Amino acid sequence: MPQPQTNPPFAIAIHGGAGTILKANMTPELEAAYLDGMRQSLAAGYDILDRGGAALDAVQAAVNAMEDSPLFNAGKGAVFTHEGVNEQDACIMDGRNLETGAVAVVRHVRNPINLARKVLEHSKHVLLAGEGAEAFARQHGVELVDPSYFHTEQRWQQLQRALDKEREAGGEQTRLDHSDDKRDKIGTVGAVAVDRAGNLAAATSTGGMTNKRFGRIGDTPIIGAGTWADNETCAVSATGVGEYMMRLVAAYDIAALMKYKGFRLIEAADEVIMRKLTALGGDGGVIAIDRSGTITMPFNSPGMYRGYRYPDEEPVVAVYREE
């Protein structure tokens, strides 16, 4: 658990996904790569805050760094759908005024969080999806790429394993299976921050779930489910099985417990993740921060890629539950 300074001038936390992440399944080289990727993400966001920049810019930069890495299930490392394409969702939220931008089911946007930021700034709408979202991206100069940019062999083989298992089970499944191969299916990246002005922001980006079907959209772009930021309470980014986060409206529920029941941040996050999510049968976690710089990162899965940094301290990154 992070040990915050007393009212630090700014702070940032990130996650790179939660699920069945076990040390026994991780090579030293791969673990080192994940840790380095998280440090790069923290550095990108921290440097902005350190220069007096806004929390909104910091969380966007931190998420960009993970979207550009093939290690994480967002941007370059996005997983494949049942049809063998990459469909991505993202959301960014400003705690000063609750302004939000979100996108879903985009296939050609190199950094979906950048498109979400454009929606926040230049659209009267909050959530854009599919072809409409990509038309908006072209209008506003967001970088588009050929779908081949997102093809990585690791993610392609994850899809092949999922398809083989589906065939062994008797063919087409009408419901997403959340029970097997959680290493392959769960993954999201996110960041939360408080800046020197005391403003909060949150950003989340994901490639969804391996072998997802029927245009499935998870919790990431759903305001209050996977992403929330409000200066009155906290900023939250969630990861895990999105269907459960949506049913709980998990990110907003943490803020609501603080606002209406007087919970402190750590108590509220534990109530939602460790009690409510567990009782519902879901798994995953959140990163959350309040205006005082308190950070909490509860998760009920075996592991969660996560990290944080306070001023004048070294960045802290971790993967497994015991860390």
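Keep in mind that this is a model prediction, so the values were computed, not measured.

Scanning the protein chain from N- to C-terminus turns up nine helices and twelve strands. For the protein chain, whose C-alpha radius of gyration is 18 Å, the value lies close to the compact-globule estimate of 20 Å for 323 residues. Considering the protein chain as a whole, with its 323 residues, one finds that 59% of them fall into the buried category. Residue pairs in contact within the protein chain that sit at least 24 positions apart in sequence constitute 69% of those at least 6 positions apart.

On to the packing of aromatic side chains. What the rule picks out here adds up to eight aromatic pairs. Taking 5.5 Å as the distance between ring centres and 75° as the angle between the ring planes, the aromatic pair formed by tyrosine 34 and phenylalanine 72 counts as edge-to-face. Of the two residues, tyrosine 34 is situated in helix α1 (residues 28–50) and phenylalanine 72 in the loop between α2 (55–67) and β2 (88–94); the sequence distance between them amounts to 38 residues. Look at phenylalanine 72 and you get buried, because its relative accessible area is 1%. Site record: aromatic cluster; members linked through ring pairs are Tyr34, Phe72 and Tyr305. The ring of tyrosine 149 has lysine 76 sitting right over it, with the charged end atom 4.6 Å from the ring centre.

The next subject is helix α8 (residues 250–261). The end-to-end C-alpha distance of α8 is 16 Å, a good match for the 16 Å that twelve residues give at a rise of 1.5 Å each. Among the residues making up α8, those that are buried are Ala250, Ala251, Asp253, Ile254, Ala255, Ala256, Leu257 and Met258. Looking at the residues trailing α8, positive phi occurs at glycine 262, about 75°.

Counting residues in each nonpolar core, the largest one holds 47 residues, and the members touching the most others are Met38, Ile92, Leu115 and Val319. The greatest single-element share of this core, amounting to eight residues, is contributed by α2. Leave out the neighbours within four places in its chain, and isoleucine 92 touches Leu56, Val59, Gln60, Glu99, Thr100, Gly101, Ile113, Ala116, Arg117, Leu120, Ala202 and Ala203. If you look at the next biggest cluster of nonpolar residues, it comprises 40 residues, including Leu200, Leu248, Leu257 and Tyr308.

On to the side chain of aspartate 230. Within the fold, aspartate 230 resides in the loop between β7 (227–229) and β8 (235–240). Buried and without a salt bridge, aspartate 230 has lysine 259 as its closest oppositely charged side chain, separated by 4.7 Å. Setting aside residues no more than four positions away along its own chain, aspartate 230 makes contact with Gly95, Leu98 and Leu200.

It is worth spelling out the pairing of β2 at this point. Across the seven residues that make up β2, a large majority, seven, are buried. Pairing between β2 and strand β3 (residues 100–106): five bridges, direction antiparallel. Pairing of methionine 93 across the sheet is with threonine 100, part of β3. In this antiparallel pair of consecutive strands, β2 and β3, the connection spans five residues, and leucine 98 shows a positive phi of 65°. Where β2 meets strand β6 (residues 200–206), six bridges bridge the pair, whose relative direction is antiparallel. Directly across from isoleucine 92, in β6, lies its bridge partner alanine 203.

The rules behind the values
- Residues numbered from 1 in each chain as written.
- Predicted model: local features only at pLDDT ≥ 70, side-chain atom pairs only at ≥ 80, totals over all residues.
- Heavy atoms only, no water.
- Helix = DSSP H or I, 4+ residues; strand = E, 2+ residues; numbered from the N terminus.
- Rg over C-alpha atoms; globule rule 2.2 N^0.38 Å.
- Buried < 20%, exposed > 50% of the residue type's maximum accessible area, 1.4 Å probe, protein only.
- Contact = heavy atoms within 4.5 Å.
- Phe/Tyr/Trp six-rings, centres within 6.5 Å; stacked < 30°, edge-to-face > 60°.
- Lys NZ or Arg CZ within 6 Å of the ring centre and 35° of its normal.
- Expected span 1.5 Å × (residues − 1).
- Core = buried A, V, L, I, M, F, W, Y, C linked by side-chain atoms within 4.5 Å.
- Lys, Arg positive; Asp, Glu negative; His and termini not counted.
- Salt bridge = Lys/Arg side-chain N within 4 Å of Asp/Glu carboxyl O.
- Pairing = 2+ DSSP bridges.

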